[in-house]
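# Fold and geometry: a report
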Amino acid sequence: MYTHIIFDLDGTLLNTIDDLADAGNHVCAAHGWPVHTVDAYKRMVGNGIPNLVSRFTPDGLGEDELAGALAEFSAYYNDHKADKTAPYPGIPELLAALKGAGIHMAVLSNKAHALAGPVVEHYFPGVFEYVQGALPDAPLKPDPTLLHAMMKEIGAKPETTLFVGDSDVDVHTGKNGGLTVVGVLWGFRDRPELEGAGADYVIERPGQLLNSGPDQNAQARRRAVGGEDVAETGSVIRCVLCWLATAFFALLELADLWWLFKLLPDVLRYGYDWEAGYNLHLAEDFEIAGALASFLGVPLLLLLPLSILLARKLPKRSRLTVGCTVCWPVAVVLAFFEYLFCSYLVQHLPDVLDPDYDGVYYLVENCREIAVQAVLTGITLLVMLALAVYCTIKLGKRGTQREHSISDK
């Protein structure tokens, strides 16, 4: 059962966007800058007032001009912060029901602390046990520093605490703090953003926080046994395949570049002349290696950014799943090649050490090349193993945390 709920403020409890937009446009109009629509301001808010000011002002302003605009905005907003601001419909009833059920509630906002406290107390007197706004010496959300301090202050535990907010910043804040996150659709952002950021639940009305629908209950039951949502599973599979394809082409590209650079000294030494029979095979090999490098590089350059993009869209648990699924097979392949390289070196070491062995010079050259390949492969193998172990441990820890249905609150 959830015992604590931490709410975001702007866009979650209070509809503050009109007053924020009016304050921003007041500053813009005073300086002759372009003004913005309310919908535009919905995309600007979420990272604190200084970031909001830098977003609605023109590009290229100096620090002094931005500081002046911030002071003008703060002064106007402080005088007009309650002109149009009001709780969202259903929020007062929700808070009354939660308080009646004995749920401990708090607010964490990127609004300046000097503003956040009075605003919350004005609209919701006596409801919240703790209100934390932005502090000059502390990082803003989604950094979990202030969240952790708040949870310690109110005695909240991650496994029995919900984080409720309306933006990807809020989702990341809750996830960074190890909490279950509920995204709300009555605020400033939309469902794709909340789901893409990894919200555990997305609700359309405040009352749904008290009584979750059947879809959310089914989702909770699936997650309780370690299952994934069908759409999320499809995204994970696509991401895994994309990363495996990237790793495949990367290995081929590295092997071809090794061949290319191995040929390069001879090309520079003996020349590169198609008409000279002596250099004909060298020229052919160099041409083939260069063509392969280009051929393999194109899909690699396309797949790598696509893989990164697909991974960024997944919630953290799914990214860990992708990491395990990709890193372990790549580590196994690298371990196989490392075994071949080391076996070759061990097998020919006695011959290398024997000065009377016929052809020892060429054997030493081969062993030197194999040794370099073994070292590079070994380093890559260690990196892959470290990533695989890290993802496995993190995934195991997340899997052991008990999942709660919203209806348990």
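Overview of the structure. (Residues numbered from 1 in each chain as written. Predicted model: local features only at pLDDT ≥ 70, side-chain atom pairs only at ≥ 80, totals over all residues. Heavy atoms only, no water.)

### Examining the pattern of salt bridges
Note the cut-off: Here a salt bridge means any side-chain nitrogen of Lys or Arg lying within 4 Å of a carboxyl oxygen belonging to Asp or Glu. Helix and strand assignments come from DSSP, with helices taken as H or I runs of at least 4 residues and strands as E runs of at least 2, each series counted from the N terminus. Buried means the residue's accessible area, taken with a 1.4 Å probe over protein chains only, is under 20% of the maximum for its type, while exposed means over 50%, and partly exposed covers the values in between.
This model, assessed by the stated rule, comprises 13 salt bridges. Between Arg43 and Glu193 there is a salt bridge, with its nearest N and O atoms 3.0 Å apart. Taken together, the residues span a long stretch of sequence, with Arg43 in helix 2 (residues 38-44) and Glu193 in helix 9 (residues 191-197) at a distance of 150 residues. Salt-bridge contacts for Glu195 lead to Arg191; the nearest nitrogen and oxygen are separated by 3.3 Å. Of this pair, Glu195 and Arg191 both sit in helix 9, 4 residues apart, roughly one helical turn. Residue Glu195 is classed as partly exposed on the basis of its relative accessible area, which comes to 42%. Beyond isolated ion pairs, a larger network of salt bridges with shared partners links Arg43, Asp168, Arg189 and Glu193.

### A look at a nonpolar patch on the surface
For the record, the criterion: Surface patches are defined over residues having more than 30% relative accessible area and no salt bridge, joining like charges when they lie within 9 Å and nonpolar side chains (Val, Leu, Ile, Met, Phe, Trp, Tyr) when within 5 Å. Only the protein chains shown count as cover for residues, with accessible areas throughout obtained via the Shrake-Rupley method and a probe of 1.4 Å.
A grouping of Leu251, Leu254, Val333, Phe336, Phe337, Tyr339 and Leu340 is seen on the molecular surface, where their side chains present a nonpolar patch of about 670 Å² in accessible area. Taken together, the elements giving at least two residues each to the nonpolar patch come down to helix 11 (230-270) and helix 13 (316-353). Top contributing element to the nonpolar patch by residue count: helix 13, with 5 residues. Within the element layout of this structure, Leu254 appears in helix 11. Residue classification places Leu254 among the exposed positions, given a relative accessible area of 55%.

### With respect to the packing of helix 1 (residues 17-31) against helix 4 (residues 63-80)
Test applied: For every element, the axis is a line fit to its C-alpha atoms; helices are fit only across the contacting stretch, and the angle between N-to-C directions ranges from 0 to 180 degrees. By definition in this entry, angles of less than 35 degrees are roughly parallel, angles greater than 145 are roughly antiparallel, angles of 65 to 115 are roughly perpendicular, and the rest are oblique. Helix crossings get a hand from a simple test, with the near helix turned counterclockwise from the far one by less than a right angle marking a left-handed crossing and a clockwise turn marking a right-handed one. The contact definition used throughout considers only heavy atoms, calling two residues in contact when any of these lie within 4.5 Å. Any residue outside Ala, Val, Leu, Ile, Met, Phe, Trp, Tyr, Cys, Pro, Asp, Glu, Lys and Arg is labelled polar, Gly included; the first ten of those are nonpolar and the last four are charged.
Taken N-terminus to C-terminus, the directions of helix 1 and helix 4 make an angle of 135°; their axes are 9 Å apart at the nearest point. Judged on the interaxial angle alone, helix 4 and helix 1 are oblique. Note on packing geometry: the crossing formed by helix 1 with helix 4 is right-handed. Along its contact with helix 1, which presents Asp19, Leu20, Asp22, Ala23, Gly24, His26, Val27 and His31, the element helix 4 presents Ala69, Glu72, Phe73, Tyr76, Tyr77 and His80. Its residues assigned to classes, the contact of helix 1 with helix 4 comprises 7 nonpolar, 4 polar and 3 charged.

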